[in-house]
Each structure stands twice: as C-alpha cells, then as structure tokens.
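Take a look at the letters that make up each chain.
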Amino acid sequence: MGNFEDADINHQNGVEALTVVVRQPPSTKPPRNAFPLKDRTRVIKRMEGERNSAPDGGWGWFVILAAHSTLIFREGIAKCLGVFLKTFQTYFQTSTSLIGWISSFCITAADLTGLISGPLCQKLGCRPVAMIGGFFSGLGLIAASFVNGVVALCVCLTVSGFGLGLALTPSLTMISHYFAKRYSLANGLAYSGSGVGILVLAPLSQVFLDRYGWRGAIMLLGALCLNVSVCGAMLRPLPKPKKPRDIQQYEPLLRNEEIEDLATELTEEIDEEDVAEEDTNEVEKDEKIKKTHKKSALKQITETLALKLFTNPSFVILLVVQFCARFTYMGWLIYLVPHAIQRGVTPMDATLIASAAGISNIFSRAFHGVVIDWKILSALQMLVLSCILASTTLLLDPLMQSYVFLMVGSLLYGLAGGIIFPVCVVRMKQVVGVDKLANALGWSYGFAGMGRMIAAFLTGWLFDYFGNYNISFILLGAVQGFAVLILFVDCIIEYRR
C-alpha cells in the first residue's frame, strides 16, 4: 500500500468516513533516507537550471536581429544629425559649435538613460521597456520636424535619445539570456549594427534632405525609428520551467469498521509525519521572518540601482574603460573628416577615410566573437589588445601626413573600436553574471555618456586654442592609453583569482 499523505474524517448523513490521500508508490521503492532532503533539493535546483539554460539559437537569432536593428538607429541617428549640421546652422542662425552641442544631446541622452533602463528591465521586463523606448525615439524626431527654435529642437532630440537608450539595454540583456556558449559571437553580430547604421543612414538622410528638405527628412527618420518598437516586440522572454507535480490518487471513503486498521497503519508512518511537521514549522518560521523584517528605503534603492556592483573592482575598472573608450571614439568620430581636410585631403577622400573605418568596424564587431568563443583569446586579453591598438594609432597620428597613412590609421582604429565596445559587454557579463547584466549595462552606458559629452567639448576647445587637431588626437590617444593601464590592473586581479 502507498504512503499516506493526509487523512480527514468527514461526517456525511450520520456516517463517519475517512478521506485518504495516497501517493502512488514507485515501481521500486528505495530504502528510507537513501535520498536526503538536501540532496533532493540540490538535484531539483540543478534540473531547473538545466531547463532555464540558454538555448544558443532558435528564437535567439531573431533577438540578435532586433538588437542589431536597434543599434543601426542608435548610432546611425547620431551620424545623420551631422548631415543636418550646416542646414540647422543656416536655418536657426546660430553657431556651428552650438548646433553640434545640441545634436550631441541625442546620443548623450541615449547613454545616460542606461542608468534607469537597467532597473526598469528588472521591474517591468525587457520587452515592454524596449517597445516604449522605440515609441519615444520616433516621437522625438517627428516632433523635431515641427520646431521653430533651438531650445525646442534640443528638447525633441533629447526625447528621441531617451527612447533609443531605453531600447538598447533590454536588447543586449536578452542576448545574454538566449546565448551562453556562443554569446561573444551573438553579441558581436548585434553590435555590428552600429557600423551598418553609420554607413547606411547617413547617405540615406542626405537623400531625404535633398528631396524633402530638413523637416521632411527628420520626419521620415522618425517614422523609421518607430520600427525600434517592433524590434522590442521581438524580445520574447524565455519560457519559465514547469514545476513537477506530484501525482496523487484519492481512495474511496472508508467506513467506521476500517478506521481502526487504518489508524494502525498510520502509526507506522510516524517518522515521515514528524519530518513533515518539522518542514511545516520551518516554512512558517521563514514566513514570519519575512513579514517582520521589512526593507528600509535606503536598502531598496541600493538593490534597485544595484549599487553593490561598485564593490567589485573589475566592474569599476570596466566603467572607467567604457568612459575612456567613448571619450576617444566620440572625439575621433566628430573630427576625423575635418582633421583629414586640414592636412590637404579633399572632402570626398576624407569621407572615404571615414567610410573605410566603418567597414573595418563592422568586420571586427561581427567576427571577434569567434576568437573568444573558440578560446583562442579570452575577453580580457582581447580587450587589452584592442585598447593598445587604438591608443597607439591615435598617438602616432602626427606622423600620418599623407592620404595613405591616414587611411591606414583609420582602418586600424576602426578595427580596434569595433572590438572594444562589444567585448566590454562580454567581459561585463563574466564579471557580474546574467542576473545583474541589465543594471551593469545601465551604469556602463551612463559613464559612457559622460565621456561623450566631455569629448565633444574638450577636443573642439583644443582645436580653437592650438589651431590644429594634432593635440586633440594625442589627447585621445593618451586617454585610451590610460584605459590600457587600468586593464593591466584587472589582469592582475584575474590572475590572482
């Protein structure tokens, strides 16, 4: 006869009856205490972890496509605003530096939004946050097509950047849920959207500008940005594992004459009942502890913003690396073309130099993950080497006086820059884990936004002061070199672990 789980005496029509819940006996019953409670709990948790494991494919490829498309708009819109720079200056009758500063608000707002997008993903989920972000990204640009003042333009571009920032963090976070073994490759394929956006959206915006004017062009770009919401809808969460249910069978009601025999058998199971009572007492005790110990407001803020991440030295180092890399990349991206023109290169050839960097950037973003996934180099080693290449290229810039050398330098920096940013995300996942990755990415992009904002002003000020871009590019190389130094500290920390 099976093990009795519960018994209850019912009084129906004056007849005492006993309802008995019986667990169906297994085909071969193991000896008592063959599987202790702790061992069984450990096995169940391991089985649930296996069911929760990343599929490394399937719908994950559509998640990569969604993240790739989101990055096309996030980086491409920043380049598109550069196309409108002269038009804005003429229409609003203001200085180029002011319009450039306002245009940078869009991408800066996208970076700083990362500080809240991570906690929002934890509370609301990745899909709704990304869809809301896509809506605001398009709404801001469409509204900008109706403005008549510089302040209103600044507000609209900031709203659009806010939406793009909301959409990006959920996209990158979902990739970590769908990919484990091939995560570096998946992340690199997603990040290649940045280079595609720079190469495709910039000339497309020029076509729109020539045909429809700046208002029509921005409205069309805003309509395209609404597709980011569609990309957000593709961020389907992984299904939750189904909890195994105990198969129970109800025996027929027993009469009074059978109760005595049943009571005798129940006494033989006294040990199991004692264990069940102990478990029940422990559960009740835990519930009381949870009710009596309420979290303070400060502790809730700490958990929501994941401030404990800052106790991890490797995480802090990665934040500094992101700041330095974004500072360098922003200064290089804005001033590469005028820098080449100042050295005697024609405007068309200067544009080709920037396009060459975009091509090498796409290539490195797409294929560096293979090197990491195949264990040829670790993410940390790849990050150090790419930072060294970027820093060296910029520090040697004063020696690159001809078109050929400028082209080579642009290709090398584009190659390095295409590795740095996605590998930072891979390394971030290794340091903080999947559960805290959304918060970590939020902080990372927040620090990156500060780097962008400072670079846009400081490199331009150095040009105004010295009359050329040599000092500006040396400064960019020095900032990137500082990132190399602190990465060596992270290497020492990793070695001691």
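Residues numbered from 1 in each chain as written. Predicted model: local features only at pLDDT ≥ 70, side-chain atom pairs only at ≥ 80, totals over all residues. Heavy atoms only, no water.

Novice: How do you make sense of the overall build of the chain when you look at a structure like this?
Specialist: Of regular secondary structure, the chain possesses 18 helices and 3 strands. Sorting the 497 residues of the chain into buried and exposed places 44% on the buried side. In the chain, once contacts between residues fewer than 6 apart in sequence are set aside, the share between residues at least 24 apart is 83%. Summed over its atoms, the accessible surface of the chain is roughly 25,500 Å², and 65% of this surface lies on carbon and sulfur atoms. (Helix = DSSP H or I, 4+ residues; strand = E, 2+ residues; numbered from the N terminus. Buried < 20%, exposed > 50% of the residue type's maximum accessible area, 1.4 Å probe, protein only. Contact = heavy atoms within 4.5 Å. Areas by Shrake-Rupley, 256 points an atom, 1.4 Å probe, with all protein chains shown as cover.)

Novice: Where do I start with the pattern of salt bridges in this structure?
Specialist: Applying the stated criterion to the full structure yields 4 salt bridges. The closest approach of N and O atoms between aspartate 397 and arginine 343, which form a salt bridge, is 3.1 Å. Within this pair, whereas aspartate 397 is found in the loop between helix H15 (379–395) and helix H16 (403–432), its partner arginine 343 is found in the loop between helix H13 (313–342) and helix H14 (347–373), the two being separated by 54 residues in sequence. Salt-bridge contacts for arginine 427 lead to glutamate 494; the nearest nitrogen and oxygen are separated by 2.9 Å. (Salt bridge = Lys/Arg side-chain N within 4 Å of Asp/Glu carboxyl O.)

Novice: What exactly am I supposed to notice about the packing of H15 against H16 here?
Specialist: Helix packing geometry: the angle between the two helix axes and the distance between the axes. Their axes nearest at 8 Å, the elements H15 and H16 cross at an angle of 150°. Taken together, the axes of H15 and H16 lie roughly antiparallel to each other. Note that H15 runs across H16; the crossing there is left-handed. Of the residues in H16, those in contact with Ala379, Leu380, Met382, Leu383, Ser386, Cys387, Leu389, Ala390, Thr393 and Leu394 of H15 are Gly409, Leu412, Tyr413, Leu415, Ala416, Ile419, Ile420, Val423, Cys424, Val426, Arg427 and Gln430. When grouped by side-chain class, the residues that make up the contact of H15 with H16 number 17 nonpolar, 4 polar and 1 charged. (Axes fitted to C-alpha atoms, helices over the stretch in contact; angles between N-to-C directions. Parallel < 35°, antiparallel > 145°, perpendicular 65-115°, else oblique. Left-handed = near helix turned anticlockwise from the far one by under 90°. Nonpolar A, V, L, I, M, F, W, Y, C, P; charged D, E, K, R; others polar.)

Novice: What should I look at first to understand the side chain of threonine 113 in this one?
Specialist: Here threonine 113 lies in the loop between helix H4 (96–112) and helix H5 (114–124). With residues up to four places along the chain from it excluded, the contact list for threonine 113 reads Gly161, Phe162, Gly165 and Leu166.

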